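So the chains spell out like this:
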Amino acid sequence: MATAFYIEMAAVAQELIDENGRDVTAIRWKQAPAETTKPWEGPDDPRGTPDATDTVKACFVPIQGSGLGTDTIDQDALKRTGDVCLIGPGATFDLATANELIDGSVHKKVTFVQTLKPADTVLMYYVGVAR
Amino acid sequence: MSFSTRRAAITEILGLFRTAWLGAGQADNRVKYDNVGKTTVPPTGNTPWARVTLRHIAAGQGSLSGESGQRMFDRSGILTIQIFVPPGKGLAEATDLPKIIQDSYEGVRTTNGAWFQDVVVNEIGFDGDFFQTNVIALFEYNEIK
């Protein structure tokens, strides 16, 4: 019963964000190192060949000192944050693992991600980014 | 013994950590290195993880040039390895794992001459869901160019 309600709410959240948001590209950089014996050197081109990428609608909102119903956002993370946006549950990968958003031509680093997820249903992501 | 590049020195210094870490039954994907966009660290679950930070702090000329025109330069810095073990497991793993890392550096000289002094283990306490212990080593090496 509750699960059906959450699925319905997820659809509503996605619809509202689609109506009021703009396109951004979420990226999870490539993580596998170029040389497995030297993981500290990282991958050759983490942005050029990302692990995951998806274009989603993001609705940018004023920065608040609180997250999704809680006061758990690290104040230091907030200081590093320039914008906060709401993203719906329709992304093709878990946005909690995203490294950056491309907003227009601007690359914005993800500073925190909060996920509103009652039971097993993701309703929306609350994503902080900084230039 | 000396290095011809900075990257070669870093590779030997951090290579000691990696060898000890893997030898202790740990995995590469639970180590966070500087500026590597790893989202699997810190891990969830009942496994230790580590964050490795290498900082050069001093440099100076160590020799006059010879016939080849090359000179030797001294480099030194601090290597900090933060080790996080799961909560509720007492001090056993929080002692043994840092000790393995400490032993991999203390009194050791690498193939090309990086050496370490004052390798210390500091218990820090709880950090989030994990118990943190730091291994800190001062390193020195020579670079010829």
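Keep in mind the model is a prediction, meaning the values are calculated, not measured.

Each value, and the rule that gives it
Residues numbered from 1 in each chain as written. Chains lettered and ligands numbered in written order. Predicted model: local features only at pLDDT ≥ 70, side-chain atom pairs only at ≥ 80, totals over all residues. Heavy atoms only, no water. Helix = DSSP H or I, 4+ residues; strand = E, 2+ residues; numbered from the N terminus. Buried < 20%, exposed > 50% of the residue type's maximum accessible area, 1.4 Å probe, protein only. Contact = heavy atoms within 4.5 Å. Areas by Shrake-Rupley, 256 points an atom, 1.4 Å probe, with all protein chains shown as cover. Lys, Arg positive; Asp, Glu negative; His and termini not counted. Charge placed at Lys NZ, Arg CZ, Asp CG, Glu CD. Pairing = 2+ DSSP bridges. Axes fitted to C-alpha atoms, helices over the stretch in contact; angles between N-to-C directions. Buried area = accessible area lost by both parts, 1.4 Å probe. Salt bridge = Lys/Arg side-chain N within 4 Å of Asp/Glu carboxyl O. Polar contact = N/O pair within 3.5 Å; in protein donor to acceptor, adjacent residues only side chain to side chain. Nonpolar A, V, L, I, M, F, W, Y, C, P; charged D, E, K, R; others polar. Phe/Tyr/Trp six-rings, centres within 6.5 Å; stacked < 30°, edge-to-face > 60°. pLDDT = per-residue confidence, 0-100. Disulfide = S-S within 2.5 Å.

Novice: Help me understand the overall build of chain B in this model?
Specialist: Counting secondary structure elements, chain B contains two helices and five strands. In terms of its C-alpha atoms, chain B occupies a principal-axis envelope of roughly 60 × 30 × 25 Å. In chain B, buried positions account for 41% of the 145 residues. For chain B, the proportion of contacts with a sequence separation of at least 24, taken over those separated by at least 6, is 59%. Summed over all atoms, the accessible surface of chain B reaches about 7,400 Å², with 51% contributed by carbon and sulfur. Averaging the coordinates of the 14 positive side-chain charges in chain B and doing the same for the 15 negative ones gives two points 8 Å apart.

Novice: I would appreciate a short explanation of the sheet that holds strand β2 (residues 52-61) of chain A in the present structure.
Specialist: Strand pairing in a sheet relies on backbone hydrogen bonds, with the paired strands running either antiparallel or parallel. All names here are of chain A. Reading around the barrel, the six strands line up as β1-β2-β3-β6-β5-β4 and close back on themselves, with antiparallel pairing between neighbours. Neighbour to neighbour, the strand axes of the sheet diverge by 45° on average, direction disregarded. Seen against the sheet, helix α1 (residues 2-20) touches β1 (22-28), β2, β3 (83-87) and β6 (124-130) and runs at an angle of roughly 80° to β2.

Novice: How should the sheet that holds strand β1 (residues 31-33) of chain B be read in this particular structure?
Specialist: Residue and element names in this part refer to chain B. In spatial order, the strands read β1-β2-β3-β5-β4; together these five strands make up an open sheet with mixed pairing. In the strand order of this sheet, the two ends are held by β1 and β4 (115-127), each with one partner. With direction set aside, neighbouring strand axes in the sheet form an average angle of 20°. By the bridge criterion, 10 bridges tie β4 to strand β5 (residues 130-144) in an arrangement that is antiparallel. Among the inter-strand pairings, Phe-126 is bridged to a residue of β5, identified as Phe-131. Docked against the sheet, helix α1 (residues 6-23) engages β1, β2 (49-61), β3 (72-85), β4 and β5, running at close to 150° with respect to β2.

Novice: What's the story with the interface of chain B and chain A in this structure? I'm lost.
Specialist: You'll often see interface size given as the accessible area lost when the parts meet. In this complex, chain B contributes 13 residues to the contact, which on the side of chain A involves 12 residues. Taken together, the two surfaces of chain B and chain A that pack against each other cover about 1,100 Å², and 59% of this comes from carbon and sulfur. Viewed at the interface, chain A and chain B are joined by one salt bridge. Arg7(B) serves as the salt-bridge partner of Glu41(A), at 2.9 Å between the closest nitrogen and oxygen. For the pair chain B and chain A, the number of links is two residue pairs in polar contact (both at pLDDT 80 or more). A total of six residues in the side of chain B that touches chain A trace back to one element, the largest contributor, which is α1(B). In terms of residue class, the side of chain B that touches chain A is made up of four nonpolar, five polar and four charged.

Novice: How should the packing of aromatic side chains be read in this particular structure?
Specialist: For any pair of aromatic rings, the description rests on two quantities: the centre-to-centre distance and the angle between the ring planes. The final tally for this structure, using the stated rule, is 10 aromatic pairs over all chains. Members of the aromatic cluster, connected to one another through ring pairs, are Phe3(B), Phe139(B) and Tyr141(B).

Novice: I'm lost on the side chain of Gln132(B) in this one. Help?
Specialist: Topologically, Gln132(B) is positioned in strand β5. Sequence-distant contacts of Gln132(B), defined by excluding residues within four places in its chain, comprise Gln82(B), Ile83(B), Phe84(B), Glu123(B), Ile124(B), Gly125(B) and Asp127(B).

Novice: What's the story with the confidence of the model for chain B in this structure? I'm lost.
Specialist: In the predicted model, chain B carries a mean pLDDT of 91, and 97% of its residues have values of at least 70. Model confidence for the complex: the whole-complex pTM is 0.83, and ipTM, which rates the interface, is 0.87.

Novice: What's the story with the pairing of β6(A) in this structure? I'm lost.
Specialist: Put simply, side chains in a regular strand alternate between the two faces of the sheet. All names here are of chain A. Counting buried positions along β6 gives seven out of seven residues, so the element sits mostly inside the fold. Where burial is concerned, the two faces of β6 agree: the one with Met-124, Tyr-126, Gly-128 and Ala-130 and the one with Tyr-125, Val-127 and Val-129 are both buried. Taken together, the five bridges between β3 and β6 define a ladder with antiparallel strand orientation. Across the sheet, residue Val-84 finds its bridge partner in β6, namely Gly-128.

Novice: Got a minute to help me understand the environment of Phe131(B) in this structure?
Specialist: All names here are of chain B. Position of Phe-131 relative to the elements: it lies in strand β5. Sequence separation of Phe-131 and Gly-62 is 69 residues, and the distance between their C-alpha atoms is 41 Å. Discounting residues that sit within four places of it in the chain, Phe-131 has contacts with Ile-83, Phe-84, Val-85, Leu-91, Ala-94, Gly-125 and Phe-126.

Novice: How should I be thinking about the state of the cysteines in this particular structure?
Specialist: In protein structure, a disulfide is the covalent linkage between the sulfur atoms of two cysteines. For the structure shown, the criterion picks out zero disulfides over all chains. Cys85(A) provides the cysteine sulfur closest to Cys59(A), a residue in no disulfide bond, and the two sulfurs are 8.7 Å apart.

Novice: Got a minute to help me understand the pairing of β1(A) in this structure?
Specialist: All names here are of chain A. Looking at chain direction, β1 and β2 are connected through seven bridges and run antiparallel. From the neighbouring strand, Ile-27 faces β2, where its bridge partner is Thr-53. Bridging between β1 and strand β4 (residues 100-103) involves three bridges; their strand directions are antiparallel. For Thr-25, the partnering residue across the bridge sits in β4 and is Ile-102.

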